[in-house]
Amino acid sequence: MSTLFRIFVILVVAALIGGLMYVGVNASNSSTSFGDFDEGEGFPQRSDGDEFRPEHDEFEEQEGREGGRDGGFGFPGGVLKAVVLMSIAGGIYSAVAWAGKKAKKETSTP
Amino acid sequence: MSNTNRTKLLLDIALFAAFLVTMDPRFSGLAVHEWLSLAAAATVVVHLLLSWSWIVEMTKRIFGKGLNGARMNYILNWLLFIDGILIMLSGIMISEAALPAMGIVLPINFAWRRLHDMSANLSLLIMGLHIAMHWNWIVTTFKRVFFGVNKQQTGVMAKQEA
């Protein structure tokens, strides 16, 4: 029972934060994104074709890059990028934490 | 070695692997990217449930004296949670595989795509810090789960490394 309550709390908090984000994004875009559409037409809907795709689709074929919309298990460049960036962030934190500890040690010793 | 710690570690390894795969949708394909992300979101709830007592304790003591490291960890976890919600929400709004497969078609708003990219890049930074802050726990628990090193031995090893 308590687990269900905890799940409920997590979902409520997530829904509140997500709701705020949704309202914020839609409010900031309502005056700019769809200004050209007449009232009554509604929002453009996703189509089966490429009609509404952005000009620079991230899944467009790139030379020397396997994969794409259907995957392909080619060279996992994005995975490597993620590992490298996380390592840099973690490394910087560890260096700062180590320097802080060292400075504290030096000031505490007479 | 408690079962909770073992479960936590195995769950976190699975979550991390899923996180890496979903960071490269060209590698996995769009359908895998979306379905795996939805599954990972459910797993994050379990991750939070396993750390529930710490979350409750820190929420009560967040303005207390001392606890600087724990406070920073707590704030970072909230940032990661909020960023995760933004990734999921923006991902759902631009979904081209999972939601249409469920018969749900949402209006297009390209701001969500930009937000999805930005929040995903930000998550790399926060995740790097999150892992760095828990590095000692990860290494200790990993040794205990996979190499059967007990608590006293890990303490000795840590002293030797220092």
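Residues numbered from 1 in each chain as written. Chains lettered and ligands numbered in written order. Predicted model: local features only at pLDDT ≥ 70, side-chain atom pairs only at ≥ 80, totals over all residues. Heavy atoms only, no water.

### Re the packing of helix α1 (residues 2-29) of chain A against helix α5 (residues 68-93) of chain B
Following both chains from N to C, one finds α1(A) and α5(B) inclined at 65 degrees, their axes separated by 10 Å at the closest point. Judged by the twist between their axes, the crossing of α1(A) over α5(B) is right-handed. Mapping the contact onto sequence places Ile10(A), Val13(A), Ala14(A), Ile17(A), Gly18(A), Met21(A) and Tyr22(A) in α1(A) and Trp78(B), Phe81(B), Ile82(B), Ile85(B), Leu86(B), Leu89(B) and Met93(B) in α5(B). Tallied by class, the residues present in the contact of α1(A) with α5(B) amount to 13 nonpolar, 1 polar and no charged. (Axes fitted to C-alpha atoms, helices over the stretch in contact; angles between N-to-C directions. Helix = DSSP H or I, 4+ residues; strand = E, 2+ residues; numbered from the N terminus. Left-handed = near helix turned anticlockwise from the far one by under 90°. Contact = heavy atoms within 4.5 Å. Nonpolar A, V, L, I, M, F, W, Y, C, P; charged D, E, K, R; others polar.)

### Considerations on the environment of Met23(B)
Structurally, Met23(B) is set in the loop between α1 (3-22) and α2 (25-28). Linking Met23(B) and Ser123(B), residues 100 residues apart in sequence, is a C-alpha distance of 9.9 Å. Those residues in contact with Met23(B) that sit more than four places away from it in its chain are Gly78(A), Ala82(A), Ala120(B), Ser123(B) and Leu124(B).

### Side note on the confidence of the model for chain A
Put simply, chain A has an average pLDDT of 74, and 58% of its residues get 70 or more. Below a pLDDT of 50 lies the segment residues 48-52 of chain A, which in the model reaches 5 contacts outside its immediate sequence neighbourhood of four places, other chains included. (pLDDT = per-residue confidence, 0-100.)

### A short note on the nonpolar core
Ranked by size, the top nonpolar core spans 19 residues in total, and within it Ile10(A), Met21(A), Phe81(B) and Trp112(B) carry the most contacts. At the level of elements, α1 of chain A together with α3 (30-50), α5 and α7 (110-133) of chain B are the ones that each hand at least two residues to this core. Not counting residues within four places of it along the chain, the set of residues in contact with Trp112(B) comprises Met21(A), Tyr22(A), Val25(A), Asn26(A), Leu89(B), Ser90(B), Met93(B) and Ile94(B). Formed by 14 residues, the second largest nonpolar core is a distinct cluster that contains Val79(A), Met23(B), Ala120(B) and Met127(B). (Core = buried A, V, L, I, M, F, W, Y, C linked by side-chain atoms within 4.5 Å. Buried < 20%, exposed > 50% of the residue type's maximum accessible area, 1.4 Å probe, protein only.)

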